[in-house]
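# Residue-level structural notes
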Amino acid sequence: EEPYLNGQEILLLKDANSQLNAIGRNLNQITRAINSGEFKIDLNHEYLRDLITACGRHRTFFQNFVNK
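First, a word on what this report is: a plain description of the structure on this page. Within each chain, residues carry numbers counting from 1 in the order of the written sequence. Local features in this predicted model are restricted to residues whose pLDDT is 70 or higher, and side-chain atom pairs enter the listing and the counts only when it is 80 or higher, whereas totals over whole chains, interfaces and linings include all residues. Computation of side-chain values: all heavy atoms of the structure, hydrogens and water removed.

### Thoughts on the overall build of the protein chain
Helices and strands together make up the secondary structure of the protein chain, namely 2 helices and 0 strands. The reference for a compact globule is 2.2 Å times residues^0.38; the radius of gyration itself is calculated from the C-alpha atoms. Relative to the compact-globule value of 11 Å for 68 residues, the protein chain shows a C-alpha radius of gyration of 16 Å, a clear excess of over 25%. Referenced to the eigenvectors of the C-alpha coordinate spread, the extents of the protein chain come out at roughly 50 × 20 × 20 Å. The rule is simple: take the accessible area with a 1.4 Å probe, protein chains only, and divide by the maximum for that residue type; under 20% is buried, over 50% is exposed, in between is partly exposed. For the protein chain, the proportion of its 68 residues judged to be buried stands at 9%. Note on areas: these come from Shrake-Rupley sampling with a 1.4 Å probe, and a residue is covered only by the protein chains present in the view. Here the protein chain displays about 6000 Å² of accessible surface, and carbon together with sulfur accounts for 53% of that area. To qualify as a helix, a DSSP run of H or I must reach at least 4 residues; to qualify as a strand, a run of E must reach at least 2; elements of each kind are numbered from the N terminus.

As structure tokens, then:
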């Protein structure tokens, strides 16, 4: 069976997708800057781990949401 999503749920998914796309663009820009040598700041590895964990939780939440 295919999941049924109401209008509000579809809007929520669209918003979440837009936010994830923005996060991905920002991470790509940071990565390019680091690789080019433009980024002269030490990144906090704990922060990056937290960011990756948050993205994973987000993905899991919406996978479960769609598969409910």
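Read on, since the account is not over.
### Digging into the environment of Ile52
Relative to the assigned elements, Ile52 resides in helix α2 (residues 45–66). Residue classification places Ile52 among the exposed positions, given a relative accessible area of 61%. Put simply, Ile52 and Asn21 are 31 residues apart on the chain and 14 Å apart in space, counted from C-alpha to C-alpha.

### Regarding the environment of Asp15
Relative to the assigned elements, Asp15 resides in helix α1 (residues 7–36). Overall, the relative accessible area of 41% leaves Asp15 in the partly exposed class. Here the alpha-carbon distance between Asp15 and Ser36, two residues 21 residues apart in the chain, equals 32 Å. Definition of a polar contact: a pair of N or O atoms within 3.5 Å, with one able to donate and the other able to accept a hydrogen when the atoms are protein atoms, and with sequence-neighbouring residues admitted only if both atoms are side-chain atoms. Reaching out from Asp15, the side chain makes a polar contact with the side chain of Gln19 at a distance of 2.7 Å.

### Focus on α1
By this rule, a helix spans an expected 1.5 Å times one less than how many residues it contains. Taking 1.5 Å per residue as the helical rise, α1 with its 30 residues ought to reach 44 Å, and the 44 Å between its terminal C-alpha atoms agrees with that figure. All buried positions along α1 are accounted for by Glu9, Ala16 and Ala33. Contact criterion: two residues are considered in contact whenever any of their non-hydrogen atoms come within 4.5 Å of each other. The inward-facing, buried residues of α1 contact α2. Gly37 sits one or two positions beyond α1 and adopts a positive phi of about 90°.

### Structural notes on a nonpolar patch on the surface
Residues Leu20, Ile23, Leu27, Ile30, Ile34, Phe39 and Leu43 make up a contiguous nonpolar surface patch of about 460 Å² in total accessible area. Inspection of the secondary structure puts Ile30 in helix α1. A residue counts toward a patch only above 30% relative accessible area and without a salt bridge, and it is joined to like-charged neighbours within 9 Å or, for Val, Leu, Ile, Met, Phe, Trp and Tyr, to nonpolar neighbours within 5 Å. Salt bridges are counted wherever a side-chain nitrogen of Lys or Arg sits within 4 Å of a carboxyl oxygen of Asp or Glu.

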